[in-house]
Structure formats: C-alpha cells, structure tokens
Amino acid sequence: MPVPSAAFLLPLALAPVLAPTTVVDARFDRADGFVPARAITHAPDLVPYGAPVRVTVTRAPGGTTVALEVSGLAPDHEFPAHVHTGHCGADPAASGPHYQDATDPVQPSTDPAYANAGNELRLTLRTDAEGAGRAESTVGWRFRPDEAHSLVLHAGGPAGPHRAGDRAACVDVDF
C-alpha cells in the first residue's frame, strides 16, 4: 500500500494556508441578499449586479501573486484595488484597512513608511470599452494567516458621483 503524501497528513484547517493557489469565481451581488454573497457591489453604476469576477492568489516561497479579472463593469474606467484585513459586508467599511506586511501602528495608515507599494498589495484595474479588465501584482512576501480577507475595488476615476477612494466593490478571498 502506498504511503500517503504529507499533504494528506495536514490538519484540514491548514489546507487553505498552504495551498499554492486559490481561485475565487463569483458574481457581484447585494450585501443583504438571502444567500450571503462572496462578491459585493457598493456602487452598482460602476460594478453592476451579476458582473463576474475571478481572483487568483498564487503563493510561492518568495512571495504572492494576485490576479483580478472582471467583465461587465463600467467601461473605460480605472479601479485601484487593494487587499483589506476584514471581510466584505453591507457597510463598505466592514472590509477594514489595507493589509500591510509590516503593520502601521497608527490606523488609518497614511505614513509612507507603511502605506506603500512594497508593504501593501496594490493593483490598478483598467476596464476596456466593454467593461472587461485584468490586473496582476506580485509582492515579495506571503500574507499572515487569518489577517487578509478581501480584495476591495475603489471607485477610482472617472467615478461620477463617487469619490475616487470610495469602496465600489469587495470580494471575500482566503489569502
């Protein structure tokens, strides 16, 4: 009888932490639906209900890559996106602050020593004329277990009635 690999001997609770790749396929929905949504829109004019989203997290010994793919969003739009510490919720603020590899002791973090592209995973998603887009970013570190829970798309620009920093949408992801 073959000997089981080490992967089969790990407790199930560790499996998401050690998995090399996580893929989340979802459709943006309301936060207050009958079935909890994995992807929530707070600005349906920019991120319409039903628009598909895919987030792929690839973990390697030297870092982490996050890829974001969407379609059906506002055309010719730029969405800044960041990993956040909280889960998505009806209140856009539920997703918490940006996840930082070295956490700024003062929150919300505005200190450039912490709030920078080397310490936060940042993406800029640009949609085409049909509202489709893809963005990818790699950092030289891995997320600490149970500290990063969502990917937030900010309103960006041109955002119409929204401020650029407003949280337009959120996707729950096990980083």
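Criteria and thresholds
- Residues numbered from 1 in each chain as written.
- Predicted model: local features only at pLDDT ≥ 70, side-chain atom pairs only at ≥ 80, totals over all residues.
- Heavy atoms only, no water.
- Pairing = 2+ DSSP bridges.
- Helix = DSSP H or I, 4+ residues; strand = E, 2+ residues; numbered from the N terminus.
- Axes fitted to C-alpha atoms, helices over the stretch in contact; angles between N-to-C directions.
- pLDDT = per-residue confidence, 0-100.
- Contact = heavy atoms within 4.5 Å.
- Buried < 20%, exposed > 50% of the residue type's maximum accessible area, 1.4 Å probe, protein only.

Side note on the sheet that holds strand S4 (residues 63-70)
- Pairing is mixed across the open sheet formed by nine strands, whose spatial order is S6-S5-S8-S9-S2-S1-S3-S4-S7. In this open sheet, the two strands that pair with only one neighbour each are strand S6 (122-126) and strand S7 (133-139). On average, each strand axis in the sheet is tilted by 20° relative to the strand beside it, whichever way the strands run.
- Alignment of S4 against S7, held across seven bridges, turns out to be antiparallel. Residue pairing across strands places Glu 69 opposite Arg 134, the latter belonging to S7.

A look at the confidence of the model for the protein chain
- When pLDDT is averaged along the protein chain, the result is 89; 90% of the residues meet or exceed 70.
- Across residues 1-17 the pLDDT falls below 50, and counting only partners more than four positions away or on other chains, this stretch makes five contacts in the model.

Points about the pairing of strand S9 (residues 167-172)
- With five of six residues buried, S9 is to be regarded as a mostly interior element.
- Bridge count for strand S2 (residues 39-41) against S9 is three bridges, and the pairing is antiparallel. Counterpart to Thr 41 in the pairing with S9 is Ala 169.
- Of the pairings in the sheet, the one linking strand S8 (residues 150-154) to S9 comprises five bridges and is antiparallel in character. Residue pairing for S9: His 154 is matched across the bridge by Arg 167.

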